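Listed below are the residues making up each chain.
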Amino acid sequence: MKRDAVAYEVNFDGLVGPTHHYAGLAYGNLASEKHGGTVSNPRQAALQGLAKMKLLADLGVRQAVLPPQERPDVRLLRRLGFAGSDAEVLWRARREAPLVLAAACSASSMWAANAATVSPAADTADGRTHLTPANLASHLHRHIEREGTAAALKAIFADEVCFAHHGSLPAAGQLGDEGAANHTRLCREYGGPGVEVFVYGRRAMGEGGRTPGRYPARQTLEASMAVARLHGLEPARTLFVQQNPAAIDVGVFHNDVICVGNRDVLFYHGAAFAEGAKAVEAIRGAYARATGGELRCVEVKEEEVSVGEAVGSYLFNSQLVSLPEGKTALVCPQECREQERTRRVLERLVGGGSPIDAVHYVELRQSMQNGGGPACLRLRVVLTEWELERTHRGVFLTEELFERLSGWVRRWYRERLGLDDLADPKLLEESRGALEELTEILGLGDFYPFQREG
Ligand code: SUG
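Throughout, a residue's number is its position along its own chain's written sequence, starting from 1. Per-residue local features of the predicted model are confined to residues with pLDDT of at least 70, and side-chain atom pairs are confined, for both listing and counting, to 80 or more; whole-chain, interface and lining totals are unaffected and use all residues. As a convention, hydrogens and water are excluded, and side-chain values are obtained from all of the structure's heavy atoms.

1. Things to note about the overall build of the protein chain
- Helix and strand definitions follow DSSP, with helices as H or I runs of at least four residues and strands as E runs of at least two, each counted in order from the N terminus. Counting secondary structure elements, the protein chain contains 18 helices and 15 strands.
- With the C-alpha coordinates aligned to their principal axes, the bounding extent of the protein chain is approximately 60 × 45 × 45 Å.
- Partly exposed describes any residue whose relative accessible area lies between the buried limit of under 20% and the exposed limit of over 50%, with all areas from a 1.4 Å probe on protein chains only and scaled to the type maximum. When burial is assessed residue by residue, the protein chain has 61% of its 454 residues classed as buried.
- Across the protein chain, contacts joining residues at least 24 apart in sequence account for 76% of those joining residues at least 6 apart.
- Surface exposure of the protein chain reaches about 17,100 Å², of which carbon and sulfur atoms provide 49%.
- Averaging the coordinates of the 52 positive side-chain charges in the protein chain and doing the same for the 58 negative ones gives two points 2 Å apart. Note on contacts: a residue pair qualifies if any of its non-hydrogen atoms lie within 4.5 Å across the two residues. In short, Shrake-Rupley with a 1.4 Å probe defines the accessible areas, and a residue's cover is counted only from the protein chains shown. Asp and Glu count as negative and Lys and Arg as positive, but His and the ends of the chain are not part of the count. Here the site of a charge means atom NZ of a Lys, CZ of an Arg, CG of an Asp or CD of a Glu.

In structure tokens, the structure reads:
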């Protein structure tokens, strides 16, 4: 396998689909629970996502998009016993099982950090980039993403010489896998060896361990270990760290709500890990052994920002990115600027003495109200030049693609969507019309099942 020291991190953001709505579907995700039943604005949601992608691209970070999935998922509703024409299926589901209909309409594939776990070529035994779509076994609306995710990843990373695609893990709760939201890669250079840190919420099989008392721990140790095995990772450069169950009970449903890493920087809350400082020491040690370098740890303590405040602001769900001229920037939700204590921490960090050189705030209110911040919206894929040349070009964000996608959103997306609108057959028609046009814009052919079924 050809190895190439020069590699880039590309952010693949989930494009928000036309059915983005608030149904309170995600248990243990406080923002989703809070906004359930309120009216959403899919157009604004998609434009906010695009504006974030544009900011990253303008900062010099490579940026691409992942297409939204086909929703409403009429096939799911049929599998669950709703019959008749498409309009009848939607109407019956609305009458008999409105939350199942909401799940079948969820635009949740926008949170691409949960799409898959990706291990770059520099870390794997066969020198290929390995991708495992998450099974998202914890929730129906998320679990139904896995096939569409696998199809999108195969369409974009089609070359089997450099990309290895695995099936998602069996979807038993004991193998719950939520993808890259619980996975952090640390390295000196993207193309060099990395330490892959898997953060799990609970151990599902065998003896004990601590578990949260209130909310579910979505990611299991057994799932994380299976993904590491599939990817052929070197044990010495692979770490399994338990998330703090008490933090899950305060609303940290994924590790990326309380920790983010990039290259040699780890930015985290003091209460992120079950083992506390010992876990950080283990990560630091593994990093030093793998790279010969020193990990730069940026800890925020409970006294400065409580776990509850971290959940409320999404301070750690920021994107930590390397800029072309060597600086490091943090892309934060604007909620972090609005809250005084998080703003002060950020001012302190960029004021000197920390590896973070600049902070950029982004407005993502529509996604945030469902518990998805800047980091949730992107899947990071490290690609060498050689791999980049073998990746589908149509999804890379250029000025032109940004303009086209913005126009496409303005033409197709509604500005108001309530739960009663989900059974509207016109919404199904509009969504399919929009996706049909999108496949042309992105050069993806007949990508969606409805296109192939005619
Ligand atoms: O799985 N929200 C998503 C948010 C995912 C955030 N991702 C990361 N942290 N990486 C979830 O909880 C809400 C959908 C609703 O309520 O309709 C939702 O699924």
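2. With respect to the site of the ligand
- Within the structure, the ligand sits among 20 residues, and L25, S32, H141, D256 and C376 are positioned closest to it.
- A distance of 3.0 Å separates a nitrogen atom of the ligand from a polar atom in the side chain of N114.
- Any pair of N or O atoms that falls within 3.5 Å is considered a polar contact. Within protein, one atom must be able to donate a hydrogen and the other to accept it, and sequence-neighbouring residues count only if both atoms are side-chain atoms. Within the side chain of R218, one N or O atom sits 2.9 Å away from an oxygen atom of the ligand.
- Side-chain classes are defined by residue name, with Ala, Val, Leu, Ile, Met, Phe, Trp, Tyr, Cys and Pro counting as nonpolar, Asp, Glu, Lys and Arg as charged, and the others, Gly among them, as polar. A class-by-class count of the residues in the shell around the ligand yields eight nonpolar, nine polar and three charged. A cutoff of 4 Å decides nearness: a residue is near a molecule or strand if any of its heavy atoms lies inside that distance of it.

3. Observations regarding the sheet that holds strand β14 (residues 358-362)
- The strand order across the open sheet built from three strands is β12-β13-β14, with neighbouring strands paired in mixed fashion. The open sheet terminates on both sides in strands that have one partner only, identified here as β12 (319-322) and β14. Adjacent strand axes in the sheet meet at a mean angle of 25° when their direction is disregarded.
- Pairing of β12 with strand β13 (residues 328-333) involves four bridges; the strand directions are antiparallel. Among the inter-strand pairings, V321 is bridged to a residue of β13, identified as A329.
- Helix axes are fitted to C-alpha atoms over the stretch in contact, other axes to C-alpha atoms as well, and angles between N-to-C directions run from 0 to 180 degrees. Of the strands in this sheet, β13 and β14 touch helix α13 (residues 340-350), which is tilted by about 145° from β14. DSSP calls a pair of strands paired once it identifies at least 2 bridges connecting them.

4. Some words on the nonpolar core
- Definition used in this section: a nonpolar core is a set of buried Ala, Val, Leu, Ile, Met, Phe, Trp, Tyr and Cys residues joined via side-chain atoms within 4.5 Å. Core analysis: the largest hydrophobic core is formed by 88 residues, its most contacted members being F12, F157, F273, I283, L379, L405 and W408.
- By size, the runner-up hydrophobic cluster in this structure holds 21 residues, among which are L25, L101, A103 and L422.

5. Some words on the pairing of strand β3 (residues 116-119)
- With burial as the criterion, each face of β3 is covered, one bearing A116 and V118 and the other bearing T117 and S119.
- Judged from the four bridges that link them, β3 and strand β4 (residues 129-133) form a sheet pairing that is antiparallel. The residue bridging S119 from the neighbouring strand is H130, located in β4.

6. Topic: the sheet that holds strand β11 (residues 296-300)
- With mixed pairing, the three strands of this open sheet are ordered in space as β9-β10-β11. Either end of the sheet is taken by a strand with one partner, and the two such strands are β9 (259-262) and β11. Mean inter-strand twist for the sheet, computed between neighbouring axes without regard to direction, equals 10°.

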